[in-house]
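Secondary and tertiary structure notes
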Amino acid sequence: MGLTKQYLRYVASAVFGLIGSQKGNIVFVTLRGEKGRYVAVPACEHVFVWDLRKGEKILILRGLKQEVTCLCPSPDGLHLAVGYEDGSVRIFSLLSGEGNVTFNGHKAAITSLKYDQLGGRLASGSKDTDIIVWDVINESGLYRLKGHKDAVTQALFLREKNLLVSSGKDTVVKWWDLDTQHCFKTMVGHRTEVWGLVLVSEEKRLITGASDSELRAWDIAYLQEIEDLEEPEPKKIKGPAPGTQDLQDAEDGTETDEAPEDRILTCRKAGSIMREGRDRVVNLATDRTGRILACHGADSVLEVFCILSKEEIQKKMDKKMKKARKKAKLNSGKGEEEDLEVSVEMTLQDEIQRVTSIKTAAKIKSFDLIHSPQGELKAVFLLQNNLVESYSLNPSAPAAQPVRTSRITLGGHRSDVRTLSFSSDNIAVLSAAADSIKIWNRSTLQCIRTMACEYALCSFFVPGDRQVVVGTKTGKLQLYDLASGALLETVDAHDGALWSLSLSPDQRGFVTGGADKAVKFWDFELVKDENSPQKRLSVKQTRTLQLDEDVLCVRFAPDQKLLAVSLLDCTVKVFYVDTLKFFLSLYGHKLPVICMDISYDGALIATGSADRNVKIWGMDFGDCHKSLFAHDDSVMHLQFVPKSHLFFTAGKDRKIKQWDADRFEHIQTLEGHHQEIWCLAVSPNGDYVVSSSHDKSLRLWERTREPLVLEDEREMQREAEYEESVAKEDQPAVPGETQGENYFTGKKTIETVKAAERIMEAIELYREETAKMQEHKAICKAAGKEVPLPTNPILMAYGNISPSAYVLEIFKGIKSSELEESLLVLPFSYVPDILKLFHEFLQLGSDVELLCRCLFFLLRIHFGQITSNQMLVPVIEKLKETTISKVSQVRDVIGFNMAGLEHLKRECEAKSEVMFFADATSHLEEKKRKRKKREKLILTLT
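Numbers given to residues run from 1 along each chain, matching the order in which its sequence is written. Under the rules for a predicted model, residues below a pLDDT of 70 receive no local features and side-chain atom pairs below 80 are neither given nor counted, while totals for whole chains, interfaces and linings still include all residues. With hydrogens and water stripped out, all remaining heavy atoms of the structure feed into the side-chain values.

Some remarks on the overall build of the protein chain
Helix and strand assignments follow DSSP, with helices taken as H or I runs no shorter than four residues and strands as E runs no shorter than two, numbered in order from the N terminus. Scanning the protein chain from N- to C-terminus turns up 14 helices and 56 strands. Projected onto its principal axes, the C-alpha positions of the protein chain cover 125 × 105 × 65 Å. Expressed as a percentage of its 942 residues, the buried residues of the protein chain come to 50%. Positive charge is attributed to Lys and Arg, negative charge to Asp and Glu, and no charge count is given to His or to the chain ends. Working definition for charges: the position is that of NZ of Lys, CZ of Arg, CG of Asp or CD of Glu. The positive charge centre, built from 125 side chains, and the negative charge centre, built from 136, are 3 Å apart in the protein chain. Burial here depends on accessible area, computed with a 1.4 Å probe over protein chains only, as a share of the maximum for the residue type. Under 20% is buried, over 50% is exposed, and the range in between is partly exposed.

Concerning the pattern of salt bridges
Whenever Lys or Arg places a side-chain nitrogen within 4 Å of a carboxyl oxygen from Asp or Glu, that contact is recorded as a salt bridge. Counted by the stated rule, this structure contains 37 salt bridges. Across the salt bridge formed by R216 and D212, the nearest N and O atoms sit 2.9 Å from each other. R216 gets classed as buried once you look at its relative accessible area, which sits at 5%. R275 is the partner of D279 in a salt bridge, and the nearest nitrogen-oxygen pair spans 3.8 Å.

Quick notes on the domain arrangement of the protein chain
Per the annotation, domain bounds derive from an automatic or database assignment of domains. Examined at the domain level, the protein chain breaks down into domain 1 (12-104), domain 2 (114-223 + 264-274), domain 3 (281-315 + 348-412), domain 4 (417-546), domain 5 (551-719) and domain 6 (750-890). One C-alpha centre belongs to domain 2, the other to domain 6; they are set 42 Å apart.

Focus on the packing of aromatic side chains
Ring pairs are drawn from Phe, Tyr and Trp, using the six-membered ring of Trp, whenever the two centres fall within 6.5 Å, and their geometry is named by plane angle: stacked under 30 degrees, edge-to-face over 60, tilted for the rest. Under the criterion given, the structure shown has 15 aromatic pairs. A ring pair is formed by F367 and F381, whose centres lie 6.5 Å apart and whose planes are at 35°; its orientation type is tilted. Pair noted here: F367 is in strand β26 (residues 364-371) and F381 is in strand β27 (residues 377-383), with a separation of 14 residues, a long-range link. Like F367, the residue F381 is buried in the burial classification.

Comments concerning the sheet that holds strand β56 (residues 698-709)
Spatially, β1-β56-β55-β54 is the arrangement adopted by the four strands of the open sheet, whose pairing is antiparallel. A strand with exactly one partner marks an edge of an open sheet, and here the two such strands are β1 (6-16) and β54 (677-682). Across the sheet, the mean angle separating the axes of adjacent strands is 30° when strand polarity is ignored. The rule for pairing is simple: two strands pair if DSSP sees at least two bridges between them. Two strands pair when backbone bridges link them, and β1 and β56 are joined in this way by nine bridges, in the antiparallel orientation. Bridging across to β56, L8 finds its partner in P707. To get an axis, fit a line to the C-alpha atoms, keeping to the stretch in contact for a helix; angles then go from 0 to 180 degrees between the N-to-C directions.

Details of the UniProt feature "domain: Small-subunit processome Utp12" (unreviewed entry) in the protein chain
Under the present numbering, the feature "domain: Small-subunit processome Utp12" (unreviewed entry) in UniProt falls on residues 804-906. In residues 804-906, helix accounts for 81% and strand for 0%; the two terminal C-alpha atoms are 45 Å from one another. UniProt positions are given in the numbering used here, feature names are shortened, and annotations may be inferred rather than shown by experiment.

Structural notes on empty space enclosed by the protein
A 1.4 Å probe that fits into a set of points on a 1 Å grid over the protein atoms alone but cannot get out defines a cavity; an open set with protein on both sides within 12 Å along at least five of seven lines defines a pocket, and lining residues are those with an atom within 4 Å of a point. Grid points are joined across faces, edges and corners, and a volume is the space filled by probe spheres set on the points. Counted according to the given criterion, the structure contains two cavities of 30 Å³ or more. When residues are sorted by character, Ala, Val, Leu, Ile, Met, Phe, Trp, Tyr, Cys and Pro go into the nonpolar class, Asp, Glu, Lys and Arg into the charged class, and all the rest, Gly among them, into the polar class. The residue makeup of the lining of the largest cavity, split by class, is no nonpolar, five polar and three charged. For the second largest cavity, the calculated volume is near 30 Å³. If you tally residues by element for the lining of the second largest cavity, the top one is strand β36 (residues 476-481), at three residues.

Considering the sheet that holds strand β25 (residues 352-359)
Reading across the sheet, the four strands line up as β22-β23-β24-β25 and stay open at both edges, with antiparallel pairing between neighbours. With partners counted over all chains shown, the strands left at the sheet margins are β22 (283-286) and β25, one partner each. The mean angle between the axes of side-by-side strands here comes to 20°, regardless of whether they run parallel or antiparallel. Judged from the five bridges that link them, strand β23 (residues 292-296) and strand β24 (residues 301-307) form a sheet pairing that is antiparallel. Note on β24: the bridge partner recorded for A294 is V304.

So, helix α6 (residues 750-783)
In a regular helix each residue adds 1.5 Å, so 34 residues correspond to 50 Å; α6 covers 49 Å between its end C-alpha atoms and thus fits that length. Immediately downstream of α6, the backbone of G784 shows phi near 75°, a positive value. Multiplying 1.5 Å by the residue count of a helix minus one yields the expected span of that helix.

A few points about the side chain of T882
Checked against the element boundaries, T882 lands in helix α13 (residues 873-912). Its relative accessible area of 10% is what places T882 among the buried residues. Residues in contact with T882, not counting those within four places in the same chain, are H839, L842 and Q843. Only heavy atoms matter for contacts: two residues are in contact if any of them lie within 4.5 Å across the pair.

A short note on the state of the cysteines
Here, two cysteine sulfur atoms that lie within 2.5 Å of each other are counted as a disulfide. Summed over the entire model, instances satisfying the criterion amount to zero disulfides. Residue C624 stays outside any disulfide, its sulfur separated by 15 Å from that of C570, the closest cysteine.

Observations regarding the environment of V173
Locating V173 in the fold gives a position in strand β16 (residues 173-177). Relative accessible area serves as the criterion here: at 0%, V173 is assigned to the buried category. Beyond its immediate stretch of four places on either side in the chain, V173 contacts V165, S166, S167, K185, T186, M187, H190, V194, L197, L206 and T208.

A closer look at a positive patch on the surface
Residues forming no salt bridge and having over 30% relative accessible area are the ones grouped into patches, like charges within 9 Å of each other and nonpolar side chains (Val, Leu, Ile, Met, Phe, Trp, Tyr) within 5 Å. Methods summary: accessible areas were calculated by the Shrake-Rupley approach with a probe of 1.4 Å, and residue burial reflects only the protein chains presented. There is a patch of like positive charges on the surface, built from K310, K930, R931, K933 and R934. Along the polypeptide, K933 turns up in helix α14 (residues 920-941). On the basis of relative accessibility, which here comes to 64%, the residue K933 falls in the exposed class.

A few points about the UniProt feature "repeat: WD" (unreviewed entry) in the protein chain
Following the UniProt record, the feature "repeat: WD" (unreviewed entry) maps to residues 103-144, 145-186, 187-228, 410-450, 491-525, 586-627, 628-669 and 670-702 here. Strand forms 57% of residues 103-144 and helix 0%; the C-alpha atoms that close the span are 13 Å apart. This span, residues 670-702, is 0% helix and 58% strand, and a straight line between its end C-alpha atoms measures 11 Å.

A closer look at the packing of helix α11 (residues 848-861) against α13
Orientation of α11 relative to α13, taken along the N-to-C sense of each, is 140°, at an axis distance of 11 Å. Overall, the two elements α11 and α13 adopt an arrangement that is oblique. Of the two elements, α11 crosses α13, and the hand of that crossing is left-handed. Contact with α11, carried on its side by V848, E849, C852, L855, F856 and L859, involves I876, L879, T883, K886, V887 and V890 of α13 and no other residues of that element. Classifying every residue of the contact of α11 with α13 by side-chain character gives nine nonpolar, one polar and two charged. Note that the term roughly parallel is reserved for angles under 35 degrees, roughly antiparallel for angles over 145, roughly perpendicular for angles of 65 to 115, and oblique for everything else. Should the near helix be turned counterclockwise from the far one by less than a right angle, the crossing is left-handed, whereas a clockwise turn marks it as right-handed.

What about the pairing of strand β42 (residues 551-556)?
Buried residues dominate β42, accounting for six of its six residues. The loop that links β42 with its antiparallel partner strand β43 (residues 562-567) comprises five residues; one of these, Q560, has a positive phi angle of about 65°.

Structural notes on a negative patch on the surface
Together, E757, E761, E764 and E768 give the surface a local cluster of negative charge. Take E764: it is sitting in helix α6. Here E764 falls in the partly exposed class, since its relative accessible area comes to 34%.

Considering the nonpolar core
Each nonpolar core is a collection of buried residues, namely Ala, Val, Leu, Ile, Met, Phe, Trp, Tyr and Cys, held together in the definition by side-chain atoms within 4.5 Å. Counting 38 residues, the largest nonpolar core has I759, F811, L823, I834, L835 and F838 as the members making the most contacts within it. Among the secondary structure elements, those contributing two or more residues to this core are α6, α8 (803-813), α9 (819-824), α10 (831-844), α11 and α13. Contact partners of L823, with chain neighbours within four places excluded, come to I759, F811, C854, F857, L858 and I861. In this structure, L302, F381, L393 and A400 belong to the second largest nonpolar core, which totals 21 residues.

Some thoughts on α8
Of the residues making up α8, those classed as buried are S804, Y806, V807, L808, I810 and F811. Of the surrounding elements, those touching the buried residues of α8 are α6, α7 (793-797), α9, α10 and α11.

Examining unusual backbone geometry
At K696, a residue that is not glycine, the phi angle is positive and equals roughly 70°. Structurally, the position occupied by K696 is in the loop between β55 (688-693) and β56. Within the chain, N800 stands out as a residue other than glycine whose phi angle is a positive 55°. For N800, a relative accessible area of 53% corresponds to the exposed category.

What follows is the structure, encoded as C-alpha cells:
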C-alpha cells in the first residue's frame, strides 16, 4: 500500500468584527455586583458580554454550532439562559462562563425564555409551537404544554398564582394552569399575530402587542379574590341578547356565564393605547419593577410609557374633577355655591401615560430596560447595523429627554465586509465594507485603525505595509496611509465598479479590472506633497487593455509574463503582459467566473464560478484538468495557499472548503458562518485564513500541526451524519399517540442514545458477572477450597466495586436532563433486572431521589408489561414497601434539617437583634390582610 498523503488541519480560532447578531435579544446582566453596566448580546453561536462604560468585551460564553436566538438572565443574576436555533437551551454561569446544563426538547428555534420569580423554573417557547417548563435545580424537564398552532412569541409566569400566560403567531393568548398542566382559557380578541405581551399593575392588567398600531389592555380579575371581597356580582341575562352585544363580547375576549374556565380568572378588554408606529410590534417589554412599559416596531423609534400607581391616578382624577366642576360652574352661569353633579370617566390614558420616544441611529432589533432606584431609566439597544447603543432618561421629569450615554462601534463594521487582505508580515488584517476600512491586529483581534471610505470591493497592502489601496463600487482607487489613517489620494480609475485588483509580482505596480470593460495597468511613484517637505506615494496609469465584456477578476502569473482576466461572458482570457497579445481562452463555465487564482509556480489556474463549480486548468495549453462541484451555491472567493497546490474556496452555502489541485481531492470543510460568505484571505505564510460573511462576523482559522488523513476525515464525516440522522429518527409511537408527537419534555439526541447504550452495557456486565460468581461458587464447592476469582478490568478501574454498584455508578453518571429520554429508548428486556437492582439499592438507602425518579418513569412507560408479568409482581410489592419507607425517611431528614436551619436563623436574629433574612412573604400576607379588611369596611359602609 502506498503512502497516504497527509495534510495539516485548519481549525476555527476566533470570531471577531461582530458586536451583536440580529437573531437574538440584548439583555442587561449583573456582573461583579454591578447592575446596568454590562450587557449580554448574541454573537452567532456565542454570547458576548460587553462593558458599556469601557466599550470592551469582557466575557465570551462559547456555544457549539447553532446560532443563538434568545437570552434570559436568571432573577438572582448569577446565570444566563441561552436558547439556540436547533431548539436546545443552555444555562451558563456568569461567574465561570461555563454552560453546565443543557436542555433538549424542542425541534425548532427557541423564540422565548422566561424564569419564574424565584428562578427555579424556566419556560421555553419555540417555533415548533410547544412550551416546555424546565426544572432548573433538578436540571430536568417538568412538562410540555401543547396548544398553540404557530410559533410561540412570549410565555410569562405569574408571580402569585401557579399560572402561565403565553402568546403566539396563531393570534391567540393562552392561559395555562400549571397544577394540572392544561390550557383553561384562550383569548381570541386579536385579529392578527400577537407579537408580545406583558403583565403590569400587580398582575391585574395584561398588555398585548399585535400587527397593528394599538396596544390592547385587558383587565384580569382572579375569581377567588372576587369571592373573598363578597361583591354582589351583576347577573348575566340568559337568553338572546342584542347582536351588537355579542359582537362586542367576541372582541373583548369575554366568555359566557357557564364557562368553567371562568373559575380561575376573567379577562375583560380595558381599552387600547395608540402607538406612533404604524407597523407591527417587534418587541414589547417592561422593566423589572413593572413601572415603565416600552415597545418598538420595525423602525428606529422606541416608545416609552409610564404605568402610574394608584396614588398618582387618584391625584390625576382629583385634578380632572376640579376642572370639570369649574367648567360646569361656568356653563351653568350660576354664581351660587351649590353642589353640581359632575362625573369624570377614568380612561386607560389616565393610567398609562406616554413619556417620550427614543430615536436610535438605526433600526432597532431588540432592547432591554433597567429602572434604577434613583428614578433614572437606562435603555440599551441592539441595532440592525451591528451596533449597541445605550440611553438614559428620567421618566418622572416634566419633559423627559433621552440622552445617549454610550455606544459600542469600534469592534465591527456597520455593513457586510466585501474585501479582506493580509499584510506581508501576517500580523495586520484589512477589512473593508460599504463605509469604512478597519485594520485589525491578527494576534489580539483588536481594531487598530478605522478609516472612512466609499463602498469598497477589493483591496491590498502596498509593499512595505505602510499604505493600503482600495477599489470602490464607483470605480475609484483610494490610497490610505496607515500611520496617520489619512486618505492620501483618490483616483478615478474606471467608469463602472472596480471589481478586482492584482499586485504585480515585482511589487512596482498593480492592475485593475472594472465594469467599464477595461483592464488598466498602474505604477507606484513618489510625488511632492504640497503640505510637507517629504514625498508621498501616488499611482499613475501606464497602459489600458480594452475588452468586449465587463471584467470581473484579474490575476498576474507569478513570473509576470501572463495576465488572466475573467469576463462576464463566462470565459477567462489569458494575455501576455508585455505586448498585451491574446494567449489563451478558458471556456467551460456556464455562468461568469467570479474568482480565480494562479498557483505559486504558474503551472495551474483555478477558477470559481456562479455555476457552483471550480475548474482547474493548466497554464501551458489552457486544458481543463478537472471540474469539481464545489459548493451548493455560487463560489464567491478562491485563493491558493502560498508555496503549495492547495487552495481554499468560499461559497454562498456558508462553507469554506480546502482542495488539492494535484489530486483533485476535497481535503476539509470549515463550517461556522451562518450566512453567505463574501470573501476570504490566506496569510502569506499560509498559517491563517480569515473570512467574512453576511452574518457580519469575521472568522480566523489557524493551521495546526495536527496531520489530517483523508480516510479518517471521511469516516468522521460519516459518523457525524449518522449521529444527526439518529437524532432526527421518528420517536417510538405509543399506542393512541399520533406519530411524531411526544408528551415527554426531552427529545432523542445522540447523547441520550449513548446513555441508553451505557445502561445496557452495564446491565449485561452485571448479568455476566453474576453468572460468573455462581459458577465460581460451584467450582469452589466442588474443589472444596477457595479458588481465586478473576476480576473484571472495568470494575477494577472503578476501584474493585461490585457489579451492582457499577450499574448505580452508570445511572449517577447520566446527565439529569437526559435521564428520562435515555430510559425511554431502553428495551424492555433490561427493565426486570433494573427493577431488582433498584430494590437492592433502595434497601441500602443510597440515592433515593434518583432511584425513585427512574423507577416511577419506568413504571409509567412500561406499566402494561410490568403488571402483566407474573415474575415481576413480588418485585413490585417489595419495591412498594421499601420505597414508601425510604421516601418518608428522606422526608423526615429534610424536615429535621429545615427545623435546624429555622432554629439557627432565630439564634442569629436574636444575636444581632435585627430581622435577619427579612421575611418578605409574611409582610406581603400582612399587607393583603389589611387591604382586604379595608375593602370590606368600604363595602359595608357603602
